[in-house]
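# Examination of the molecular architecture
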Amino acid sequence: MIRINRQKLALTSALLAVAALTASSLPAQASSDPGVTATSIKLGITVPMTGIASPGYNKIPGAMKAYFDYVNDNGGVNGRKITLVIKDDQYIPTTAVAKANELILKDKVFALVGTLGTASTKAISASTQLAKRGIPSLFVNTGFSGFADAKAYPTTFSILPSYQMEAKIMGKYLKEKYADKKLALIYQDDDFGRDALAGFKQAGITFGTYIPYASGSQSLPATGAGWISALKASGTEVTVLFGVSSASTAALANAYAAQFKTQWVLGSVGGDATTIAATNKAYVGFLYGAKGFSFAPAPTDATDEYIKLFQSIYAAAQPTQTFDNNVVAGMSNAFLAVQALKAAGSDLTRAGLIKTIEAKGASFANPFLTPLGYSASAHIGATGYWIGTYDPTGALKPDGGKYTVYTTDSGNGPVVESSYKRPAMPAKGLPN
Amino acid sequence: MIQFFNMLLIGIGAGSIYALMAIAMVLVWRSTRVINFAQAAMALLSTYIGFELVQKTGNFWIALPLAMALGALLSSLIEIIFIRTLIKHSTSGPVAGIVPIIATLGLLGFIRATIGFIWGNQNVQIPAPLSKIGFKVGTETIALSPMNLLVLLTVIGMVIVLGYIFQRTNLGLSLRASAYAPEIAQLAGVRVGAIRTLGWAIAGAAGAAAGLLQTVNGTGALSPDSLEFSLLLTFGFIAAVIGGLESLPGAVLGALVLGIVLAVVQIYISGTLVFIVAFVLLLVVLLIRPQGFIGVKAGRRA
Amino acid sequence: MLKKHPLLGFIFFGLVLFLVSNRVDELRVFQGATVAVYVIAIASIILLTGYSGQVSLGHGALLAIGGYAAALSRNHWGVPVWLAFCIAALAAALGGYLLGLAAARLSGPYLAGTTLALAIGLPSIANQFSILGGEQGLAFDIGLPPAFLGADFTQYKWFFWIASLAALIVIYWLRNVMNSRYGRSWKAVRSNDVAAELAGINVGRNKVLAFTVSAGLAGLAGALLAMTISTVSPGAFPLTLSFSLATGAVLSGITTLGGVMIGAVTLVAIPEIVDSALSRFQSSDVVANNLPGLLVSALLILTVLFVPNGPVEQLRTRQEHRVTQ
């Protein structure tokens, strides 16, 4: 009797589940690409809004939305208003795939934009078959160079220069500037750091001390102190930090605690002075004189026309949030997306958008200070870095008073000083 | 030599943070036989309360005891409203082993989401009340700052006070009796319910101290998703398990061993191994002594 | 008829699933595949905890072993898909056997602590060996669906078929195991290990066996999970996965396989339902970010407080009550 009941229950619960699965019916398919009407474009982003990787990154969608709203208030893109659907992926690849599927299949977005994290981006691309379906994945936020490969990822466009490029440029700089000094490298022991190691090797740089750390362990209480202890013991004079910003904070906080002076060289990912300064003003003193690498204008540079515009848009949209590197990243991403959509013309299709970026992407207006590398074979965004020094207020100022840009590739190409000059911002910061 | 000395100090500094959390977990385990995974969220909430108090009063030394008191209150409310109902419904069978764990995980998520609702998902900052610059020995700045010292002294003070209560007072006797043999304790006139609540209250206070001190001792940044608190929870729990779960000195010992071992690995071997080493350490300790450093050999579980 | 012949019941249910998969849209098919994967993973926890009384908070790590084993064997040896899944189950079972040897010596909270530490420690190994592909992980491509299924047959439907078939086989097999000598010994060990020992059951060996079988199923689930996201990476097996699976097991009812679908469906459906509900309102970031977590946690708390044995067991007890009255 009992067993039968249990069985019945099992069957009922199963049927209930099936009913739940069928509950939403299939909407009618339109003939043109999904997510576009005469008056609207729908874009989707998966990003860690909660979870351990979210602090900082969870400002990106807000920044993007602020810029899209600004564009919408000024007439939109070819008469279409942009909506951004935001999904929280918690930085977990399985969740990212589930959310990307919701974006593609339920929300019917026209394109993905700003996907964050290498593992998540890879999983989304493979599982949802972006390439086969022709769904554009615009401007993924990861420094993994693989996404720039148009053969492997024909519909995906990267935006950041690769970690390897950064390490190559940094390596050349270290060689010229600090050849006779004792060097040390603190790096995250995963793909992020591995790419950097490869870049440094190409640049012919070897460090006296290598300090790898497991992703996440920078938040343990002893980690930063351990690094400083090791740096001290090896008599390090120049310390390169190629990690996330919580690692930079841990390093600077503990250098402060140990009163350990070194010439810091911060990579672009972890070199967000705004975040470090917000943690504790005392650390800013330790940042003073540190070298920093970036491809975008510094968020503190109010003389930059893009930064000025972004600051005013963001202040109106998110008055309680501080304006930092994450905001600049989100806004730049949104700007480039709008520029691409604008350039694709009023007859907007997915294939057309991809073709447009491949054909005209290299000449798109954008906030970055380095040239864009988009072409039919390479889907690479920014291709270089400028080098600066942190001033006593924690602002990164370009060395020599003006932005000098170095470019390179993710392969064996040389590092060259570029004569690139960023085109003037379009009127009101609205791409044309 | 100085590096070795510093390494010990770094390990002890980290260990004392884990110890505060481990103490809280041991107190809850002893009073109700529940592994409280919500401890991290409760500590986080108390720390946010501490943040508000620091904002309002501008004084950390007022905020810390108040946050601890509110942490104790919060913890006892959770015991009264939540844990009592839970224990009433699932005292035996396989559910008794896992349901409390799942329940506290649910509580963990609930409190964390509530914190997100109230304070948002961005960082807030709590300034440190004491200098974080290490003391000077000769010309050398050592890895021990006034702030580290405060954490260490808090741990030592807590162990002494709690040890005294547990070993030397009637209250301590009741606490132990209610944990080991609630029915008999009840018959002997011990108000088991109230005593259990007290155990939770003390744990809440210890957790609040752990959260607030770890935050100001670290970078000062606080967010509902902060990795520091997840790590505090897991490493505090690992320390408590190594120590034997039953004993406060065991918890502190386990925490210090964990802190020092991780510091050794970090400085002399490789920082990439810390998480796997924590597992191996736990496994090795438990295989040699399944009841932890200072644990009572588990009898037949009812 | 179905009552007397459970196998027919399972076949019938399989047919229903097959028909349904042709009727619903792609997103539901994908979610269905995820549900099937969770069914296996949750069943493995129910087997371990509900039937042998051991607690694991680190099943995510065992899923990871399965996922990596499947991807490695397929990428390096080019084994057929079904073999990759078998290898996944075997590799994880081996891991589970070793863990079980340690586990048999540990009681409740000590075992919980050990498995928790494993869930944190294991994924970081992926960065130690380049063959494991680091943070970005490895590709795991099971290939296109066979041509005879037609050009319209989508990849997700293929995933759904494979995962559902695996889930049906696993549950049917487990159901039989539970009614066998092994199942009875496990239950005896669970309810009273001293009495079981007296009755001539080797408690230690039974616990290890339960851990091994549970781990094997977890490994299969891990490989299937890797299939649904076509990759395997350390980030796909975070501590939250282990916690979600334990949660799903409790929602399903830890002592019976009968409700295993409930937990799996809940884990997949709740986030989406909350998401859809929220998208109808102009909700602020704070609400959108925190409401899903709040609701899932609240549901979990209510379940453990009021139906700690799970809804199925609850109904059964009530029915028993009525019968005795």
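As the structure is a computational prediction, the values presented were derived from the model and not from experiment. (Residues numbered from 1 in each chain as written. Chains lettered and ligands numbered in written order. Predicted model: local features only at pLDDT ≥ 70, side-chain atom pairs only at ≥ 80, totals over all residues.)

We now examine the overall build of chain C. Along its length, chain C carries 13 helices and 2 strands. Against the globule reference of 20 Å for 325 residues, chain C gives a C-alpha radius of gyration of 20 Å, in line with a compact fold. With respect to the principal axes defined by its C-alpha atoms, chain C has extents near 60 × 50 × 50 Å. Across the 325 residues that make up chain C, the buried fraction comes to 59%. Within chain C, residue pairs in contact and separated by at least 24 positions form 78% of the contacts whose partners lie at least 6 positions apart. (Helix = DSSP H or I, 4+ residues; strand = E, 2+ residues; numbered from the N terminus. Rg over C-alpha atoms; globule rule 2.2 N^0.38 Å. Buried ≥ 20, exposed ≤ 12 C-beta atoms within 10 Å, placed from the backbone. Contact = placed C-beta atoms within 7 Å.)

When helices and strands are counted, chain A shows 14 helices and 14 strands. Computed over its C-alpha atoms, the radius of gyration of chain A comes to 23 Å, within 12% of the 22 Å expected for a compact globule of 432 residues. Judged by the C-alpha coordinates and their principal axes, chain A covers about 75 × 65 × 45 Å. Each of the 432 residues in chain A was classed as buried or not, and the buried ones make up 65%. Across chain A, the fraction of contacts at a sequence separation of at least 24, relative to all contacts at a separation of at least 6, is 72%.

Across the chain, the bulk of peptide bonds are trans and the bulk of non-glycine residues have phi less than zero. Residues other than glycine seldom take positive phi values, yet K428 of chain A does so here, at roughly 60 degrees. The topology assignment puts K428 of chain A in the segment after strand 14 (416-418). Located in the positive-phi region is S230 of chain C, a residue other than glycine, with phi close to 60 degrees. Mapped onto the secondary structure, S230 of chain C falls in the loop between helix 9 (203-229) and strand 2 (231-232). Judged by the 23 C-beta atoms lying within 10 Å of it, S230 of chain C is buried.

Attention now goes to the sheet that holds strand 3 (residues 111-113) of chain A. Residues and elements named next belong to chain A. Spatial ordering of the open sheet is given by 2-1-3-4-5, a layout of 5 strands whose pairing is parallel. Two strands bound the open sheet, and with one partner strand each, they are strand 2 (81-88) and strand 5 (156-158). Taking the axes of each pair of neighbouring strands and ignoring which way they run, one obtains an average angle of 25 degrees across the sheet. (Pairing = 2+ DSSP bridges. Axes fitted to C-alpha atoms, helices over the stretch in contact; angles between N-to-C directions.)

Between chain C and chain B, the contact holds 46 residues from the first and 45 residues from the second. Secondary-structure elements contributing two or more residues to the side of chain C that touches chain B are helix 2 (26-52), helix 5 (108-121), helix 10 (239-252) and helix 12 (285-306) of chain C. The dominant element in the side of chain C that touches chain B, judged by the number of residues it contributes, is helix 12 of chain C, at 13 residues. Considering only residue class, the side of chain C that touches chain B consists of 26 nonpolar, 18 polar and 2 charged. (Nonpolar A, V, L, I, M, F, W, Y, C, P; charged D, E, K, R; others polar.)

Further remarks concern the packing of helix 5 (residues 146-168) of chain B against helix 6 (residues 170-180) of chain B. Residues and elements named next belong to chain B. Between helix 5 and helix 6, whose axes approach to 5 Å, the crossing angle comes to 80 degrees. Classified by the angle their axes make, helix 5 and helix 6 are roughly perpendicular. Where helix 5 approaches helix 6, its residues I165, F166, Q167 and R168 are matched on the opposing element by L171, G172, L175 and R176. Of the residues in the contact of helix 5 with helix 6, the class split is 4 nonpolar, 2 polar and 2 charged. (Parallel < 35°, antiparallel > 145°, perpendicular 65-115°, else oblique.)

In this section: the pairing of strand 8 (residues 238-242) of chain A. Residues and elements named next belong to chain A. Within strand 8, 4 of the 5 residues are buried, which leaves the element mostly enclosed by the surrounding structure. Here 4 bridges tie strand 8 to strand 9 (residues 263-266), and the two strands are oriented parallel to one another. Residue pairing across strands places V240 opposite V265, the latter belonging to strand 9. Handedness of the crossover is the feature at issue here: the chain leaves strand 8, passes through helix 9 (residues 245-258), returns alongside strand 9, and the resulting connection is right-handed. (Right-handed = clockwise from strand over helix to strand, strands pointing away.)

Of all hydrophobic cores here, the largest spans 376 residues; its most connected members are A278 of chain B together with V39, I40 and A43 of chain C. Contact partners of V39 of chain C, with chain neighbours within four places excluded, come to A167, I171, V260, M261 and A264 of chain C. (Core = buried A, V, L, I, M, F, W, Y, C linked by C-beta atoms within 7 Å.)

The next subject is the pairing of strand 10 (residues 291-294) of chain A. Residues and elements named next belong to chain A. Where burial is concerned, the two faces of strand 10 agree: the one with K291 and F293 and the one with G292 and S294 are both buried. With 2 bridges connecting them, strand 9 and strand 10 associate as parallel partners. For L266, the partnering residue across the bridge sits in strand 10 and is G292.

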